[in-house]
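# Per-entry structural report
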Amino acid sequence: MEAEAKKASAHISVLDRTILVLRNEKRDTFALLETKSTELREAQAFLTQVDGVSDIEVVQVVQRLNSTIYQTCTSVARAFEAQYGEVEKRGTFDRALQSLSTTGLLSAEMLDALCCFQHKEDSVLVQMALQGVMVAYTRWLCNTWDFRIEGGSTFENVYDQIRATEPPSVAGRWRALARKHVKNLLSPDEQRCELARNILAEHVSAVLLLCGVPQAFDKPLHDDLLLRFGVAFRDIILLALEFQRIVGEQIVSHDLRVFAAGAGEPFESARMDDEWNDPKKHASPGGQVADCVLSATQLGLYAVTGARESEVMVALLKSTVVLRTALQELWAEQVQGGSAEKETVNPDNGIVHRGTGQHTERESP
């Protein structure tokens, strides 16, 4: 009997240990289940998160940016009308020309026109050029991830790979998180804003120097611009950064991207508006105009869906442009007003060279 009792006791001990093990396993299973349930809920939120703003709200941000650029350029162009004239310091002129040529913010054709027109009589070309510079610079500012001036961002390259292999919801959410946290690797917002404002002032001063505005020794044009228009420049930068934040961090279902029609591109009514002329006057049957873009004066907005190799872009807002015919009309007005003094034809290429004083304008026949 005693042996059987010991045997039964040992068996009970085994059962107790088994029950304890099973209870621990059950506890661990419930804990794992809760963890997985939490992860599943987070994944569902990750994949089903809706956009924080609507496309129309983004369109309105771009429209405000375009309006602020237009008003600022109009004010700047008029403020210096009395100072437009012949270039006094060739070195300053050459540096301004080199700066704008290197950045590619304005086309060679627009730069040529700036150098030869008599802007005191009409500053409209100056305003066009200023808008072109601001539109080109803010387009880059709206779309950049990490403020690298040259080359693509590593984050953008990774995002392109994700778009090519993952569902849009995953790609969009990754982009939102990446763009939110990459800012921690950059300088503070206020510092980036001030840097961008100074760069914008440099570009604007380069345009004015090409138009003959003198560079005072004791008061550089850049400093004068910041003193008189610094608040407006800051407003432009802040709107561009607001666009960057909204489309980068609050929209996950698709991409929104500002664009500006490039110089030399054929006019396309589906994504461009001609600021100067009525496109119907010279439209071709295919909906295009037999003319090319001189410069963009307002930003447009694309909605982009699909992987990079097969992406579909729909213009939610057209880019406003000035065509080359507008330059020809402006030149004709100056000729009729007696401003032009020279006109020669290069026998090698048939290009007409027109000029007043020391500058010349090139125009393709």
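So, here is what we can say about the structure in this document. Since this is a predicted model, take the numbers as computed values, not measurements.

## Focus: the pattern of salt bridges
For the structure on display, the rule yields 14 salt bridges. Between Lys318 and Asp273 there is a salt bridge, with the nearest N and O atoms lying 4.0 Å from each other. Note that Lys318 is positioned in the loop between strand S6 (312-317) and strand S7 (319-323) and Asp273 in strand S3 (residues 272-274), a separation of 45 residues in sequence. The exposure class of Asp273 is partly exposed, given its relative accessible area of 37%. Connected through shared salt-bridge partners, Asp160, Arg163, Arg175, Asp255, Arg257 and Glu311 make up one network.

## Points about helix H6 (residues 154-165)
Taking 1.5 Å of rise per residue, the 12 residues of H6 would be expected to cover 16 Å, and the 17 Å separating its terminal C-alpha atoms lies within 8% of that figure. Of the positions making up H6, those classed as buried are Tyr159, Asp160, Ile162 and Arg163. Relative to the axis of H6, the buried residues are bounded by an arc of 165 degrees and lie together on one face. Facing away from the buried side of H6 by over 90 degrees, the exposed positions are Gln161 and Thr165. Where H6 is buried, its residues touch helix H7 (168-182), strand S1 (255-259) and strand S5 (300-305).

## Observations concerning the packing of aromatic side chains
With the rule as written, the count across this model stands at 5 aromatic pairs. Ring geometry for Trp145 versus Tyr159: centroids 5.7 Å apart, planes at 40 degrees, classification tilted. Here Trp145, found in the loop between helix H5 (124-143) and H6, pairs with Tyr159, found in helix H6; they are 14 residues apart in sequence, far enough to count as distant. Taken together, the ring pairs in this structure connect Trp145, Tyr159 and Trp174 into an aromatic cluster. One cation-aromatic arrangement involves Arg228 over Phe80; the distance from NZ or CZ to the ring centre is 4.8 Å.

Procedures and definitions
- Residues numbered from 1 in each chain as written.
- Predicted model: local features only at pLDDT ≥ 70, side-chain atom pairs only at ≥ 80, totals over all residues.
- Heavy atoms only, no water.
- Salt bridge = Lys/Arg side-chain N within 4 Å of Asp/Glu carboxyl O.
- Helix = DSSP H or I, 4+ residues; strand = E, 2+ residues; numbered from the N terminus.
- Buried < 20%, exposed > 50% of the residue type's maximum accessible area, 1.4 Å probe, protein only.
- Expected span 1.5 Å × (residues − 1).
- Arc of directions from axis to C-beta.
- Contact = heavy atoms within 4.5 Å.
- Phe/Tyr/Trp six-rings, centres within 6.5 Å; stacked < 30°, edge-to-face > 60°.
- Lys NZ or Arg CZ within 6 Å of the ring centre and 35° of its normal.

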